[in-house]
Amino acid sequence: MDDKKREILNLVRAGTISAEEGAARLDALAAEAGSPPATAAAPARTGAATAPAPGPAKSIKVLSQFGSAEVVADSSVATAVAEGPHRARVDGDTLVIEHVPFQEEDTFTFGMAGRRIEINGFDFKTRRNLKVRMNPDLPLVASVQAGSFRVEGVHGPITAEVQAGSCTVNDFRAPINVVAQAGSVNAFGRLDSGMSKVRCEMGSIRLSLDKQSSVKITARTTMGKVAIEDESGERAIAGHGGKEVTVGAGAGTLDIEGTMGNVRVSVA
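What you see is a predicted model, and the numbers here were worked out from it, not measured in a lab. (Residues numbered from 1 in each chain as written. Predicted model: local features only at pLDDT ≥ 70, side-chain atom pairs only at ≥ 80, totals over all residues. Heavy atoms only, no water.)

(A) Expanded view of the overall build of the protein. Assigned secondary structure in the protein consists of 2 helices and 22 strands. In the protein, which comprises 268 residues, the share counted as buried stands at 41%. Sequence separation of 24 or more characterises 53% of the internal contacts of the protein that already satisfy a separation of 6 or more. (Helix = DSSP H or I, 4+ residues; strand = E, 2+ residues; numbered from the N terminus. Buried < 20%, exposed > 50% of the residue type's maximum accessible area, 1.4 Å probe, protein only. Contact = heavy atoms within 4.5 Å.)

(B) Broad picture of the pairing of strand S2 (residues 69-73). Relative to strand S8 (residues 130-134), S2 is paired through 5 bridges, and the arrangement is parallel. For Val-71, the partnering residue across the bridge sits in S8 and is Val-132. Pairing analysis gives 4 bridges linking S2 to strand S10 (residues 149-152), with the strands arranged parallel. Following the sheet pairing, Val-71 is matched in S10 by Val-151. (Pairing = 2+ DSSP bridges.)

(C) Seen up close, the nonpolar core. One finds Leu-140, Phe-149, Leu-254 and Ile-256 to be the most contacted residues of the largest nonpolar core, which totals 48 residues. Beyond its immediate chain neighbours, meaning those up to four positions away, Phe-149 contacts Ala-69, Val-71, Leu-140, Ala-142, Val-144, Ala-160, Val-162, Ser-166, Cys-167 and Thr-168. (Core = buried A, V, L, I, M, F, W, Y, C linked by side-chain atoms within 4.5 Å.)

(D) Up close: unusual backbone geometry. Although it is not a glycine, Asp-171 sits at a positive phi angle of roughly 60°. Inspection of the secondary structure puts Asp-171 in strand S12 (residues 167-172).

(E) View of the environment of Phe-149. Mapped onto the elements of the fold, Phe-149 is located in strand S10. According to the relative accessible area criterion, Phe-149 is buried, its value standing at 2%. The spacing of Phe-149 and Val-162 is 13 residues in sequence and 7.6 Å in space, taken between C-alpha atoms.

(F) Expanded view of the pattern of salt bridges. All told, the structure shown has 13 salt bridges when counted by the stated rule. Here Arg-150 and Glu-70 are joined by a salt bridge, their closest N and O atoms 2.2 Å apart. One end of the pair, Arg-150, is in strand S10; the other, Glu-70, is in strand S2, and 80 residues separate them in sequence. Residue classification places Arg-150 among the partly exposed positions, given a relative accessible area of 31%. Of the charged contacts in the structure, one is a salt bridge between Arg-199 and Glu-257, with a shortest N-O distance of 3.3 Å. Within this pair, whereas Arg-199 is found in strand S15 (residues 195-202), its partner Glu-257 is found in strand S21 (residues 252-260), the two being separated by 58 residues in sequence. Overall, the relative accessible area of 21% leaves Arg-199 in the partly exposed class. Take Glu-257: its relative accessible area is 26%, and that puts it in the partly exposed class. (Salt bridge = Lys/Arg side-chain N within 4 Å of Asp/Glu carboxyl O.)

(G) Fine view of the confidence of the model for the protein. Looking at the protein as a whole, its pLDDT mean stands at 80, while 69% of the residues score no less than 70. Confidence drops under pLDDT 50 across residues 116-127; counting only partners more than four residues distant or on other chains, this segment forms 29 contacts. (pLDDT = per-residue confidence, 0-100.)

(H) Spotlight on the state of the cysteines. By the definition in use, this model includes 0 disulfides. With no disulfide partner, Cys-167 has as its closest neighbouring cysteine sulfur the one in Cys-200, 9.7 Å distant. Taking relative accessible area as the criterion, Cys-200 reaches 1% and is therefore assigned buried. (Disulfide = S-S within 2.5 Å.)

In structure tokens:
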């Protein structure tokens with residue numbers, strides 16, 4: 001293998017460039033040498049870089065059963081690059097990244113019914129977390145069973161479901177659809193189109209909207225209070241009956257529902 005090919009493959013493995021960009025560079029090298037173009041990029045490594053895709057992914061899906069998962073926008077990434085224990089695959093036009101916090105060599109120790117049970121080699125602290133860097137304009141779908149989930153700077157549509165844990169979304173610019181079964185939802189960003197929904201069964205909801213938003217807000221809770229504060233500082237507080245407020249021209253819609261917990265929305 002010549003040095004140029006080796007350099008490209010190392011960049012793909014390190015996550016510096018995407019698999020698609022690596023394949024394009026290999027094709028360019030092949031064309032210069034007069035040989036047939038490359039048909040596949042280098043294989044991905046679990047815990048290192050994303051898996052190669054036959055074509056550019058149009059959306060990103062993150063799956064996590066246990067542990068902390070973080071998605072951060074990175075405009076230098078064509079699709080997505082994952083750091084931490086994971087598996088990656090392509091499903092249609094979606095790049096799926098699955099958090100794998102436990103490996104076969106992991107171990108831990110616990111007691112049960114007076115017995116000590118040991119599974120060797122488990123590193124609970126350092127092997128749990130997953131970080132995904134993705135193109136900010138792509139749609140994101142996420143499912144987290146137990147643990148915290150954080151999204152930073154993703155401007156494409158966001159759909160996220162967290163069974164048990166917290167969900168934080170910062171600097172959103174497109175419709176969001178967030179559901180938390182038990183935990184809290186905290187989000188900040190701008191809405192000016194489409195339909196957005198936020199649900200929380202057991203826990204609080206805190207949303208802060210940019211004053212440039214254009215959205216009709218409907219907020220309600222079954223057991224708790226609803227507080228909506230607009231940019232003038234006026235606050236409307238209601239019980240489970242809910243409250244409706246329009247920000248700007250009301251081009252988009254935002255439906256917020258809490259079951260057991262308080263809902264607070266601010267515009268600034």
